[in-house]
Each structure stands twice: as C-alpha cells, then as structure tokens.
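What follows is the residue order along each chain.
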Amino acid sequence: MGNILSIDGICKSFSGIQVLKDVSLELEAGQIICLAGENGAGKSTLIKILSGAEKPDKGKITIFGTTYERMTPGQAMHLGIATIYQDADLVSSLTVSDNIFLGNERLRGRAFVNSREQEERTRKLLQSLSMDMKPSMLVEELSPGQKQNLQIAKALHQEARILIMDEPTAVLTPQESETLMQFVKEYTAKGNSVIFITHKMKEVMEVADRIIVMRNGRLTGNLTAKETNEVELARLMMGK
C-alpha cells in the first residue's frame, strides 16, 4: 500500500552517550511493526523522536510525503501520530469525556464548555469501540486497562492514522491483552498503522507484520514473523 513513514539515519546522544546510532526504518499503510529489544536498546528514545518529544541530533523523518529534521508534539498530533504510553498520559481529576476533548472543547457560546454534548459524543465513541466505561467517570476511578483504552479512544477521536504503543500489555490482564490485539488488527485493516513496542516474544510473533530488533541503539534485525523464531529474536536482541 506504500510507505507512509520513513526514518532515515536518526542519531541521538544524551550527555555524550549515543543512544541511537544511524537508525532507519519504513512503515507502510495498514502495517503492524513490532519494535523489539531489551531495556536500554533505544526503543523509547526513538518513539519520543517520532512523537515530537525529543529532537534528533541527525537524520530525518518523512511522513505522508513531507520531510522533517524534527517534529513538535503538536505537529505529530496534526499529522495523525498518537503515542499510547505505558504510564497513562491523562488528567486524573477530569472525567473520561473531559480527557477526550481536552484542548478541543465543545463550547456553548464563547466561554462555557458544553459538557452534555461532549458526554454524548464520548458515549457514542466508546460504544463504537466496545469500551466499558462511562463518559462521566473520573480517570482516577479507572482500572489500568480502562486508562489505556481511554488513551486509544482519545487518539481515534483525533483521527490518528499511526498509533505508537509503548509496552501496551504490561498492565493488562490476559483477557484485556487479547482484546487489545484484536483492536490492533481491526484498526490496521482500515489502512491505519501501528508501531508496537514490546519485549514479549509471544506478542511479537502473534501480531507483527514486520519485526524491527534493536540492541545498543542500533537496528540488528528487520524481518517477518515467518522468517524468524523466538530463539533467533532473542539472539538479535541480546547478541548471544
């Protein structure tokens, strides 16, 4: 279906320590890429660069045909890139619907938030995604799985075309993990794409169209699940 995202020669150092070394990869429309690697491999830094949270020292990012040397979080959001972090990026003291519309509130007149409209739109969105929570619930009342679902719902409300998921099943029950995997498959079937960061081999083999392996800031593998197995992936991740 063609590339929608290309990363070319990305390098990044912190305090003189190089954490990304000439990283390049491509993402196609409708594709699921799994980024696999041990802690410290550089996965988190790479997704922070893609989400605009960090600036690369070198390299470029081309998304939907436009090339950037760096992006801001606002640009990434505008381009349709949404990152679902392991630690939920939500405001705990606000309701589910308030978080969905945060920064893009529906107003009555010029000054008052139209809470009723926001809650009704949120209810329809959650219903369409089969998510079990009420628009009026406070985020601090939600389970870890519900908080993650809320991040996903917020991204889809913002019409995200690329979802980056950082260890998304780390706090989920087996049933919640299974539901998430099904969502990922349905989401990409519509032409959207997912970058899935995990160190769980079973998930990598189950869901990935391509597996990108990182070790010490470098890419050590770029293959399909059919081309590899868990033993080979572990060798590429650990170097032994």
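Attention here is on the structure that accompanies the text. Nothing here was measured: the structure is a model prediction, and the numbers come from that model.

### Structural notes on the overall build of the chain
The helix and strand tally for the chain stands at eight helices and 12 strands. For the chain, the spread of C-alpha atoms along the principal axes amounts to about 60 × 40 × 35 Å. Scored against the burial criterion, the 240 residues of the chain give a buried share of 46%. Residue pairs in contact within the chain that sit at least 24 positions apart in sequence constitute 61% of those at least 6 positions apart. When the accessible surface of the chain is totalled, it reaches about 12,400 Å², and 46% of it is carbon and sulfur. For the chain, the separation between the mean place of its 29 positive charges and that of its 30 negative charges on side chains is 3 Å.

### With respect to the pairing of strand β10 (residues 193-197)
The buried count for β10 comes to five of five residues, which makes it a mostly enclosed element. Burial of the side chains of β10 extends over both faces: S193, I195 and I197 are buried on one face and V194 and F196 on the other. Across five bridges, the pairing between strand β9 (residues 162-166) and β10 is parallel. Residue pairing for β10: L163 is matched across the bridge by V194. What joins β9 to β10 is helix α6 (residues 174-189), and the crossover it makes is right-handed.

### A look at the layout of surface pockets
Size it by volume and the largest pocket reaches roughly 540 Å³. Considering the residues around the largest pocket, the lining is formed by 24 residues, among which L129, S130, M131, T179 and F183 are closest to the centre. Residue contributions to the lining of the largest pocket peak at eight residues, all from α6. A breakdown of the residues in the lining of the largest pocket according to their chemical character gives 10 nonpolar, 10 polar and four charged. Its volume calculated, the second largest pocket comes out at about 470 Å³. Lining the second largest pocket are 19 residues; nearest its centre among them are M77, A82, T83, D89 and Q158. At the level of secondary structure, the elements contributing two or more residues to the lining of the second largest pocket comprise α2 (73-79), β6 (81-84) and α5 (144-157). When residues in the lining of the second largest pocket are grouped by element, the largest group, four residues, is from β6. Looking at the lining of the second largest pocket, its residues break down into 11 nonpolar, six polar and two charged.

Reading guide: rules and limits
- Residues numbered from 1 in each chain as written.
- Predicted model: local features only at pLDDT ≥ 70, side-chain atom pairs only at ≥ 80, totals over all residues.
- Heavy atoms only, no water.
- Helix = DSSP H or I, 4+ residues; strand = E, 2+ residues; numbered from the N terminus.
- Buried < 20%, exposed > 50% of the residue type's maximum accessible area, 1.4 Å probe, protein only.
- Contact = heavy atoms within 4.5 Å.
- Areas by Shrake-Rupley, 256 points an atom, 1.4 Å probe, with all protein chains shown as cover.
- Lys, Arg positive; Asp, Glu negative; His and termini not counted.
- Charge placed at Lys NZ, Arg CZ, Asp CG, Glu CD.
- Pairing = 2+ DSSP bridges.
- Right-handed = clockwise from strand over helix to strand, strands pointing away.
- 1 Å grid on protein atoms, 1.4 Å probe; cavity = no way out; pocket = protein on both sides within 12 Å on 5 of 7 lines; lining within 4 Å.
- Points joined across faces, edges and corners; volume = space filled by probe spheres on them.
- Nonpolar A, V, L, I, M, F, W, Y, C, P; charged D, E, K, R; others polar.

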